[in-house]
Amino acid sequence: MSDAAVKAMPAQEAERELTDGFHLIIDALKLNGVKTIYAVPGIPITDFLRMSQAEGIRVLSFRHEQNAGYAASIAGYLTKAPGICLTVSAPGFLNGLTALAHATTNCFPMILISGSSEREIVDLQQGDYEEMDQLAIAKPLCKAAYRILHAQDIGIGIARAIRSAVSGRPGGVYLDLPAKLFGQVMDAEAGRKSLVKVIDAAPAQIPAPDAIKRALDVLKGAKRPLIVLGKGAAYAQADDAIRSFVEKSGVPFLPMSMAKGLLPDTHPQCAGAARSTVLAQSDVVVMIGARLNWLLSHGKGKTWGTEPKKFIQIDIEPKEMDSNVEIAAPVVGDIGSCVNAMLAAMGGWAAPPADWVKTVTSKRDENVAKMAPRLMNNNVPMDYHGALGVLRTIVKERPDAILVNEGANTLDLARGVIDIYKPRKRIDVGTWGVMGIGMGYAIAAAVETGKPVLCVEGDSAFGFSGMEVETICRYKLPVCVVIFNNNGIYRGTDVNKAGSDPATTVFVAGARYDKMMEAFGGVGINATSPDELKRAVNEAMDSGKPTLINAVIDPAAGSESGRIGNLNPQSALRKK
Ligand code: ADP
Ligand code: TZD
Ligand code: MG
């Protein structure tokens, strides 16, 4: 209703308490427990963000929507409630969309809310400000997509978005809010009644007793059993049940990257350092919240050895079963319910054959011992191992800190070297191996958990979200960014022999990323030796001050594509 229309109303009408789209959206979010919004302001959401802040929602205002989106996605992962990202129309929406697709791919609950232009103009393609049919574009990239056209539908629209994001297999949801909706006025009492509080947003999904029996029968018959824990298991927050199941079974476990710490990497049953051995030699594999995708070589081929395998898979998504190989015992349900049902049905349980356990532990101990001296080197320029050895100790001393990790060599080597001790303390590039999650993840991790954050970033990886160091400084977040600066992507030594342009994988040599942090009032340090690195990181973690450490790494130390060089096509015809 326009101001003129309100003025024209009879006195009694005009005195009625009114509300509008702005308030209803804020009220609906608050009613459903939303405490934080990750956003970039602009038309038509500038005022909405101001009002949200005034109404007690914390608004983290970013420099680029992709980073706000990644922040929302990992907030969803860390809290089991959908992370909320708010953007402007067309370009802002598209910037956020990468993160929405990422959330869906990684099974993180997130809602991307974007303002949009006038429907009538968009649908006739008459060239509105930031015109785009956002709903149609979002649909194939997320779990569900909705548009709210009327103020009285805000309550139900937001409820629908929340339930879609967190129930079943979690994922990304798009919510389209046309600019006109924000200003729509309605009776306040009717507005209040239209709001919906989502009851039991992610209901327990109890597995069938037959499925549990089948799974335990298969596991009982195993000679060389293995448990693989994935980030779905970490997400489920069924930490005690999972630990009890693993320990009661006595089966060696292999944590996927973000499942590290669900049980400590130093746990006697952890087979992390014997990965190749356990994948190749196991005969029965229990998958808990992990998919047999590229990260596990699709469950077949050389990685998995020549012995026949039987898979038991626990997952909330029935379609995941048999997606790559036959699943001998599918257990469909939420991980907490499934693992508890397994535990309850186990009865007295015989430990796995001692020779298998011994094979795994001796291989693991051998590999750990081989690595140890490399981690203690104090070489200058630093190599990855020297620098990571220092960070490994720092994380051991601070098991509550959250580790964010991206890059190629910086990722693959850090994953192997840095032990994690508690659940959900390692967050990284995830299913896509995407660069750019770094600063968004760091910001959300600090905001959602209140714990200190250590980001271990390749210099290339950092570049994708680096401008958000200003955001980190502005909100005074306890984030310490360590950049493994090897002057480029994979290595800083590539040469373009064909002309004067630099090779495509190298950056400005000797760049001082630490100066970026100083530009915004944070602490910047240039570290050239493991000792300097150690001092700087300890100081940052103690002070909680936004810090960026430029760790100078030997440009020749890395290898192309890190550990996944096998996926990198190379022309046999290329002139060397
Ligand atoms: P990783 O990359 O660590 O191997 P994935 O992302 O491939 O893990 O797999 C996570 C799996 O966990 C997905 O198949 C997803 O359906 C499942 N999942 C997520 N949350 C739950 C839950 N609460 N209960 C059961 N399964 C879940
Ligand atoms: N773009 C996006 C969004 N994701 C990607 N994964 C890539 C590009 C390709 N890519 C990788 O897979 S790793 C990487 C790129 C550009 C950067 C590796 O360099 P780095 O790490 O400096 O981050 P190292 O330590 O030098 O290997
Ligand atoms: Mg690099």
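Now for a description of the structure that goes with this document. Bear in mind the structure is a predicted one, so any value in this text is a computation, not a measurement.

1. Remarks on the coordination of the magnesium ion (ligand 3)
Okay, so step 1: Within the protein, the atoms that donate to the magnesium ion (ligand 3) are Asp459 (OD), Asn486 (OD1) and Gly488 (O), at distances of 2.0 to 2.1 Å.
Okay, so step 2: When the donor residues of the magnesium ion (ligand 3) are listed from N- to C-terminus, their spacing reads D-x26-N-x1-G. Here the residue Asp459 occupies a position in helix H21 (residues 459–463), and Asn486 occupies one in the loop between strand E17 (479–485) and helix H23 (514–519), the gap between them amounting to 27 residues. Considered together, Asp459 and Asn486 belong to a single accessibility category, that of buried residues.

2. Describing the sheet that holds E17
Okay, so step 1: Read across the open sheet, the 6 strands follow the order E15-E14-E16-E17-E19-E18; overall the sheet is parallel. The open sheet has two edge strands, strand E15 (426–428) and strand E18 (523–527), and neither has a second partner. Sheet twist, expressed as the average angle between the axes of neighbouring strands with direction ignored, equals 15 degrees.
Okay, so step 2: Relative to E17, strand E16 (residues 453–458) runs parallel, the two being bridged by 6 bridges. Counted as the bridge partner of Cys455 is Val481 from E17.

3. Here we look at helix H14 (residues 239–249)
Okay, so step 1: Looking only at H14, the buried set comprises Asp239, Ala241, Ile242, Phe245, Val246 and Ser249.
Okay, so step 2: In this fold, the buried residues of H14 make contact with helix H12 (209–220), strand E9 (225–229), helix H13 (231–235), strand E10 (253–255), strand E11 (284–288) and helix H16 (335–346).
Okay, so step 3: Downstream of H14 by a residue or two, Gly250 has a phi angle that is positive, lying close to 70 degrees.

Reading the values: the criteria
Residues numbered from 1 in each chain as written. Chains lettered and ligands numbered in written order. Predicted model: local features only at pLDDT ≥ 70, side-chain atom pairs only at ≥ 80, totals over all residues. Heavy atoms only, no water. Donors = N, O, S within 2.8 Å, 3.2 Å for Na, K, Ca; no water. Helix = DSSP H or I, 4+ residues; strand = E, 2+ residues; numbered from the N terminus. Buried < 20%, exposed > 50% of the residue type's maximum accessible area, 1.4 Å probe, protein only. Pairing = 2+ DSSP bridges. Axes fitted to C-alpha atoms, helices over the stretch in contact; angles between N-to-C directions. Contact = heavy atoms within 4.5 Å.

Function cannot be inferred from these measures alone, as they are strictly geometric.
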